Amino acid sequence: MAQQEWLYGLHAMQAVIENEPERLIEIWVLKGRDDERLINIVNQARRFGVSVQFCNRKVLDDKVKGEQHQGIVARAKPAKVLDESDLDRLLESTPAPLLLVLDGVTDPHNIGACLRTADAAGAHALIVPKDKSGGLTGTARKVACGAAEVVPFIQVTNLSRTLKQLQDKGVWIIGTAGEAEQLIYDCKLSGPMALVMGAEGKGMRRLTRETCDELVKLPMAGSVSSLNVSVATGICLYEIVRQRGL
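Notes on the structure in this doc start here.

The four strands lie next to each other as β1-β4-β2-β3, forming an open sheet whose pairing is mixed. The open sheet terminates on both sides in strands that have one partner only, identified here as β1 (5-8) and β3 (51-55). Between one strand and the next, the sheet's axes are offset by a mean angle of 20°, whatever the strand orientation. The pairing of strand β2 (residues 24-30) with strand β4 (residues 72-76) spans five bridges and is classified as antiparallel. Looking at β4, one finds that Glu26 is bridged to Arg75.

Right, here's the structure in full:
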């Protein structure tokens, strides 16, 4: 397990300051930048005793290997990794959970975008398999715009087994697949539910697909065969939100 993480981006930094300030070790800030949001983050960090250094853009660019950092980068203690036991505790305290499951999605931009949408739609957790899936990298956290610090990101050892355990607890598993017979708009999407999204191109793995209670698809009227997974996730989650009356 990594001994430290690199965090960057204004939203991600603000979320860490508000939710887990004890993780921050050191912050680097672009010299000469004095906008209000960045100054506020710096002041809050100093109140928690975090060291703050001002530097030129190249220093920041080098630390995050050219990613868009918005003038602020931090070295932080790694976040706690959530697993099956955390999912069990969440289910015990959540009577009608809405869960998002990503099967084989590796791109950190897509993971971050899905986290952001999951937060906006009121999802209670995002679940991924430990293997063949992306994690919570600095890029994913930045794209998530703070959602990574508030939506539980749960990594499970065996996804199909976890889905079966969810079913045993009354959670309906709905998977998205291009070969599905029915559109998502024709399904009843209320009650405890887990929405499973597969990787672009490959879709869900066979065992994941076979475990789902129901398969649905989005209408595709144009020439492209599929949508970006984060876009499709947003459409599906908000159809669930609409039907749940949230």
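On we go from here.
Moving on to the environment of Leu189. Residue position: Leu189 is located in the loop between β9 (182-183) and β10 (193-198). A residue is classified by how much of its surface remains accessible, and Leu189, at 0% relative accessible area, is buried. Between the C-alpha atoms of Leu189 and Val241, which are 52 residues apart in sequence, the distance is 8.5 Å. Leaving out residues up to four positions away in the same chain, Leu189 has contacts with Ile174, Ile184, Glu239, Ile240, Gln243 and Arg244.

Packing of helix α1 (residues 10-19) against helix α2 (residues 36-47) leaves a shortest axis separation of 10 Å and a crossing angle of 30°. Considering the angle they form, α1 stands roughly parallel to α2. In this structure, the crossing between α1 and α2 has a hand that is left-handed. Side by side, α1 and α2 meet where Leu10, His11, Met13, Gln14 and Ile17 of the first sit next to Arg37, Leu38, Asn40, Ile41, Gln44 and Ala45 of the second. For the contact of α1 with α2, a count of residues per class yields six nonpolar, four polar and one charged.

The parallel open sheet is built from seven strands, whose spatial order is β7-β6-β5-β10-β8-β11-β9. The sheet terminates laterally at β7 (153-156) and β9, the two strands that pair on one side only. Sheet topology places strand β6 (residues 125-129) next to β7; four bridges connect them, and they run parallel. Note on β7: the bridge partner recorded for Val128 is Gln155. Sheet strands in contact with helix α4 (residues 84-93) are β5 (98-103), β6 and β7, and its direction is about 125° off that of β7. Contacting β5, β6, β7, β8 (172-176) and β10, helix α7 (residues 159-168) crosses the sheet at an angle of about 160° to β5.

The next thing to look at is the pairing of β4. Every regular strand shows the same layout, with side chains that alternate between the two sheet faces. Across the five residues that make up β4, a large majority, four, are buried. With four bridges joining them, β1 and β4 adopt antiparallel strand pairing. Bridge pairing in β4 links Glu5 to Ala76.

Here we come to the pairing of strand β11 (residues 214-217). Residue alternation in β11 divides its side chains into a buried set, Glu214 and Val216, and an unburied set, Leu215 and Lys217. Two strands pair when backbone bridges link them, and β8 and β11 are joined in this way by three bridges, in the parallel orientation. Bridge pairing in β11 links Gly175 to Leu215. Sheet topology places β9 next to β11; two bridges connect them, and they run parallel. Looking at the pairing, Gln182 lines up with Val216 of β11.

Take helix α9 (residues 229-244) next. Taking 1.5 Å of rise per residue, 16 residues should cover 22 Å, and α9 covers 22 Å from first to last C-alpha, within 8% of that figure. The set of residues buried in α9 consists of Val229, Ser230, Ala232, Thr233, Gly234, Cys236, Leu237, Glu239, Ile240, Val241 and Arg244. Elements that come into contact with the buried residues of α9 comprise β5, α5 (108-121), β8 and β10. After α9 finishes, the residue Gly245 shows a positive phi value of roughly 70°.

On the surface, Tyr185, Val231 and Ile235 cluster together to form a nonpolar patch covering roughly 240 Å² of accessible area. Within the secondary structure, Tyr185 is located in the loop between β9 and β10. Since its relative accessible area comes to 39%, Tyr185 is described here as partly exposed.

What counts, and where the lines are drawn
- Residues numbered from 1 in each chain as written.
- Predicted model: local features only at pLDDT ≥ 70, side-chain atom pairs only at ≥ 80, totals over all residues.
- Heavy atoms only, no water.
- Pairing = 2+ DSSP bridges.
- Helix = DSSP H or I, 4+ residues; strand = E, 2+ residues; numbered from the N terminus.
- Axes fitted to C-alpha atoms, helices over the stretch in contact; angles between N-to-C directions.
- Buried < 20%, exposed > 50% of the residue type's maximum accessible area, 1.4 Å probe, protein only.
- Contact = heavy atoms within 4.5 Å.
- Parallel < 35°, antiparallel > 145°, perpendicular 65-115°, else oblique.
- Left-handed = near helix turned anticlockwise from the far one by under 90°.
- Nonpolar A, V, L, I, M, F, W, Y, C, P; charged D, E, K, R; others polar.
- Expected span 1.5 Å × (residues − 1).
- Patch = residues over 30% accessible without salt bridge, like charges linked within 9 Å, V, L, I, M, F, W, Y side chains within 5 Å.
- Areas by Shrake-Rupley, 256 points an atom, 1.4 Å probe, with all protein chains shown as cover.
- Salt bridge = Lys/Arg side-chain N within 4 Å of Asp/Glu carboxyl O.

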